[in-house]
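Residue-level listing of the chains:
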Amino acid sequence: MPSEFESITLSEPGEGETSLLEIIDHVLNAGVVIHGSLVISLAGVDLVYVGLNVVLTSVETALRNLQSAEEKRSSR
Amino acid sequence: MSHALAYCGFLHRQEISLPNSGVRSAAVQALAEGELRLLWSEVEWPFNPADLQKNAVEFHGVVQHVFRQTAVIPFRLLSVLSNRSELAAFAAENAQAFVADLERLKDCVQMECVVYPAPGLAPGHSGSGAEYLRERAAMLRLIEQQVADLKQRLHAVARDLRVREAKSGTRLFVLTERGKESEFRNLVEQSPLPGKLSRRMSGPWPAAQFLSDSVSAPQVAGAK
């Protein structure tokens, strides 16, 4: 049976950023976690070993900022 | 250095098509363990944080390609394994639990609704501390009432329902049959929404909130 995926496309006028926010939230925060070490680059130069939770916490902060921006826009 | 980036797991069926490319245009490959298939790509790791948003959309595209056709168990984007051999060992160790969850969730999708204070109406810090606490308690009661009403209405389509408090609001996760997404939306829209609240629906998503513990946080040989 066909399902509806329209609500999470990126092209809906006025909803692009919200949908993107949800996509980022889901791909980072929902699903199987493989516990282990990660490596990320900072400023494209340094390599820093961090735990997965640290990365996700940073992402959560970024997501909050995105949502705040979206709320400000919708309240105008 | 290249690593194995896992996208999702699903039960093999001949007719399921696979995406051609994934994150950073890498070829998407399927690793077989019995009837379980794990989609993965060999990618240069680490990702550049500046590309994280783009990578997230590419990752989402791969998972959605398969999810449109069948139930999937998604991996999180930032979870990688060292190489294909490590992924194969992971699959062998966890296949039974993955298959059991995929069988249990095979006809299901996850729908979501988040309830939160309307923009500009979240309790602020302009008044006294006591006033702030009163406003906050009133807002929480309002959200609780809205969530309780939604839970009652969604009972008709929910095989399972979870509620989680988050900084962004209260989130309802509903496990429902594939094909009942419109019914979910209609039921939510029928619930009166107080002016002080906003809510947002999304989905269908893979049923990630309804995975068993052994699948959502599996054992990995040699993990630190």
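Residues numbered from 1 in each chain as written. Chains lettered and ligands numbered in written order. Predicted model: local features only at pLDDT ≥ 70, side-chain atom pairs only at ≥ 80, totals over all residues.

A closer look at the overall build of chain B
Then step 1. The helix and strand inventory of chain B stands at five helices and nine strands.
Then step 2. For chain B, the succession of helices and strands along the chain, N to C, is β-β-β-α-β-β-α-β-α-β-β-α-β-α.
Then step 3. Seen through its principal axes, chain B has C-alpha atoms that stretch 60 × 40 × 30 Å.
Then step 4. Residues classed as buried in chain B amount to 38% of the 224 residues present.
Then step 5. Pairs at least 24 apart in sequence give 75% of the contacts found in chain B among residues at least 6 apart. (Helix = DSSP H or I, 4+ residues; strand = E, 2+ residues; numbered from the N terminus. Buried ≥ 20, exposed ≤ 12 C-beta atoms within 10 Å, placed from the backbone. Contact = placed C-beta atoms within 7 Å.)

Describing the overall build of chain A
Then step 1. When helices and strands are tallied, chain A shows two helices and two strands.
Then step 2. Secondary structure of chain A in N-to-C order comes out as α-β-β-α.
Then step 3. Burial status across chain A gives 21% buried among its 76 residues.
Then step 4. Pairs at least 24 apart in sequence give 36% of the contacts found in chain A among residues at least 6 apart.

Quick look at helix α2 (residues 84-104) of chain B
All names here are of chain B.
Then step 1. Roughly 60° is the biggest bend found in α2, and it falls at Asn94.
Then step 2. Among the residues of α2, Leu87, Phe90, Ala91, Asn94, Phe98, Asp101 and Leu102 are the ones counted as buried.
Then step 3. Where the residues of α2 are buried, they touch β1 (2-11), β2 (29-33), β3 (36-44), β4 (73-74), β5 (80-81) and α5 (213-216). (Bend = angle between axes of the 7 residues up to and from the residue.)

Topic: the pairing of β2 of chain B
A regular strand places its side chains on the two faces of the sheet in alternate fashion.
Residue and element names in this part refer to chain B.
Then step 1. Two elements, β2 and β3, share five bridges in a ladder whose sense is antiparallel. By the bridge assignment for β3, Ala30 is matched with Leu39.
Then step 2. If you look at the hairpin formed by β2 and β3, you'll find two residues sitting between the two strands, and Gly34 has a positive phi there, around 60°. (Pairing = 2+ DSSP bridges.)

Overview of the domain arrangement of chain B
Then step 1. Each assigned domain of chain B is listed with its residue range as follows: domain 1 (2-105) and domain 2 (108-206).
Then step 2. Centre-to-centre separation of domain 1 of chain B and domain 2 of chain B, based on C-alpha positions: 31 Å. (Domains from an automatic or database assignment.)

Comments concerning the sheet that holds strand β6 (residues 108-117) of chain B
Residue and element names in this part refer to chain B.
Then step 1. Strand order in this open sheet of four strands is β7-β8-β6-β9, and the pairing throughout is antiparallel. The open sheet has two edge strands with one neighbour each: β7 (160-166) and β9 (197-205). When strand polarity is set aside, the average angle formed by the axes of neighbouring strands in this sheet is 20°.
Then step 2. Note: β7 against strand β8 (residues 169-177), seven bridges, orientation antiparallel. The residue bridging Val163 from the neighbouring strand is Leu172, located in β8. (Axes fitted to C-alpha atoms, helices over the stretch in contact; angles between N-to-C directions.)

Structural notes on the nonpolar core
Residues and elements named next belong to chain B.
Then step 1. In this structure, Ala6, Tyr7 and Cys8 are the most contacted members of the largest nonpolar core, which totals 62 residues.
Then step 2. Among the elements that line this core, the one with the most residues is helix α1 (residues 52-67), at seven residues.
Then step 3. Each of two domains, domain 1 (2-105) and domain 2 (108-206), supplies a minimum of three residues to this core.
Then step 4. Contact partners of Ala6, with chain neighbours within four places excluded, come to Leu38, Trp40, Phe75, Ser79, Leu81 and Leu87. (Core = buried A, V, L, I, M, F, W, Y, C linked by C-beta atoms within 7 Å.)

Re helix α3 (residues 129-154) of chain B
Residues and elements named next belong to chain B.
Then step 1. Compared with an ideal rise of 1.5 Å per residue, which puts 26 residues at 38 Å, α3 spans 37 Å between its outermost C-alpha atoms and is within 8% of the ideal.
Then step 2. Those residues of α3 not exposed but buried are Ile143, Gln146, Val147, Leu150 and Leu154.
Then step 3. Here the buried face of α3 lies against β6, β7, β8, α4 (181-190) and β9. (Expected span 1.5 Å × (residues − 1).)

Some details on the confidence of the model for chain A
All names here are of chain A.
Then step 1. In the predicted model, chain A carries a mean pLDDT of 54, and the fraction of residues at 70 or more is 21%.
Then step 2. For chain A, per-element mean pLDDT is lowest for strand β2 (residues 46-51), which scores 37, and highest for helix α1 (residues 16-29), which scores 75.
Then step 3. Counting interchain partners and residues more than four positions distant, the pLDDT-below-50 stretch residues 1-17 has 28 contacts. (pLDDT = per-residue confidence, 0-100.)

Examining the environment of Ser214 of chain B
Then step 1. Position of Ser214 of chain B among the secondary structure elements: in helix α5.
Then step 2. Accessibility expressed as a C-beta count within 10 Å gives 14 for Ser214 of chain B, which makes it partly exposed.

Regarding the packing of α3 of chain B against α4 of chain B
Residues and elements named next belong to chain B.
Then step 1. Following both chains from N to C, one finds α3 and α4 inclined at 140°, their axes separated by 9 Å at the closest point. In terms of axis orientation, α3 runs oblique to α4. Seen from above, α3 lies across α4 with right-handed handedness. Facing α3, whose interface residues are Leu150, Arg153 and Leu154, α4 presents Phe184, Leu187, Val188 and Gln190.
Then step 2. A breakdown of the residues in the contact of α3 with α4 according to their chemical character gives five nonpolar, one polar and one charged. (Parallel < 35°, antiparallel > 145°, perpendicular 65-115°, else oblique. Left-handed = near helix turned anticlockwise from the far one by under 90°. Nonpolar A, V, L, I, M, F, W, Y, C, P; charged D, E, K, R; others polar.)

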